[in-house]
Amino acid sequence: MTLREASDATWDMIFLDAERPAYTSYWPDLVRVLKPGGLPVVDNVISHAEEVREFRELIRPRSSSTGAGALLVVRELDR
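My aim in this report is to walk through the structure given alongside it, one point at a time. (Residues numbered from 1 in each chain as written. Predicted model: local features only at pLDDT ≥ 70, side-chain atom pairs only at ≥ 80, totals over all residues. Heavy atoms only, no water.)

1. Considering the side chain of Asp 29
The topology assignment puts Asp 29 in helix α1 (residues 23-33). Each residue touching Asp 29, except ones within four places of it in the same chain, is listed here: Leu 3 and Arg 4. (Helix = DSSP H or I, 4+ residues; strand = E, 2+ residues; numbered from the N terminus. Contact = heavy atoms within 4.5 Å.)

Following this line, the structure appears as structure tokens:
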């Protein structure tokens with residue numbers, strides 16, 4: 001199943017490890033398919049920082065990176 005095929009507010013957690021330059025285009029569907037309080041985890045944000053720079057700027061106020069390079073994004077409870 002792809003993000004576009006998923007129903008609204010159905011997933012508690014998504015692990016995103018895909019084509020890094022396309023991450024920003026995934027954001028609207030990530031927000032749509034996550035349940036309120038859901039957690040998107042984005043891989044390779046440290047090891048491939050330049051490739052995900054635009055995505056990190058998009059989600060900056062809602063995120064924090066782990067030491068291993070996964071990005072955890074807080075999904076706001078109200079849309």
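Here the narrative resumes, following the displayed structure.
2. Quick word on the environment of Asp 12
Relative to the helices and strands, Asp 12 is located in strand β1 (residues 11-16). Sequence spacing of Asp 12 and Lys 35 is 23 residues, and the spatial spacing of their C-alpha atoms is 5.6 Å. Apart from the residues within four sequence positions on either side, Asp 12 is in contact with Leu 34, Lys 35, Gly 38 and Leu 39.

3. Structural notes on the pairing of strand β2 (residues 34-42)
Bridge analysis of β1 against β2 gives five bridges, and the strand direction is parallel. Its bridge partner being in β2, Ile 14 is matched across the sheet by Pro 40. Handedness of the crossover joining β1 and β2 through α1: right-handed. Pairing of β2 with strand β4 (residues 71-73) involves two bridges; the strand directions are antiparallel. Paired with Val 42 across the strands is Leu 71, a residue of β4. (Pairing = 2+ DSSP bridges. Right-handed = clockwise from strand over helix to strand, strands pointing away.)

4. Observations regarding the pattern of salt bridges
Going through the model one piece at a time under the given rule, you end up with six salt bridges. Residues Arg 53 and Glu 50 are paired through a salt bridge, measuring 3.1 Å at the closest nitrogen-oxygen approach. Of the residues examined, Arg 53 reaches a relative accessible area of 42% and is grouped as partly exposed. The exposed category is assigned to Glu 50, whose relative accessible area is 57%. With a shortest N-O distance of 3.5 Å, Arg 53 and Glu 57 are connected by a salt bridge. Linking Arg 53 with Glu 57, this pair stays in helix α2 (residues 53-59), spanning four residues, or about one helical turn. Counted as one network, the salt bridges with shared partners bring together Asp 8, Asp 29 and Arg 32. (Salt bridge = Lys/Arg side-chain N within 4 Å of Asp/Glu carboxyl O. Buried < 20%, exposed > 50% of the residue type's maximum accessible area, 1.4 Å probe, protein only.)

5. Re the packing of aromatic side chains
The relation between two aromatic rings is expressed through the spacing of the ring centres and the mutual angle of the planes. Inspection of every chain in the model, using the stated rule, returns three aromatic pairs. Members of the aromatic cluster, connected to one another through ring pairs, are Tyr 23, Tyr 26, Trp 27 and Phe 55. (Phe/Tyr/Trp six-rings, centres within 6.5 Å; stacked < 30°, edge-to-face > 60°.)

6. Digging into a nonpolar patch on the surface
Taken together, Met 13, Phe 15, Leu 39 and Leu 72 make up a surface patch of nonpolar side chains, about 340 Å² in accessible area. Along the chain, the position of Met 13 falls in strand β1. Judged by relative accessible area, which is 46%, Met 13 ranks as partly exposed. (Patch = residues over 30% accessible without salt bridge, like charges linked within 9 Å, V, L, I, M, F, W, Y side chains within 5 Å. Areas by Shrake-Rupley, 256 points an atom, 1.4 Å probe, with all protein chains shown as cover.)

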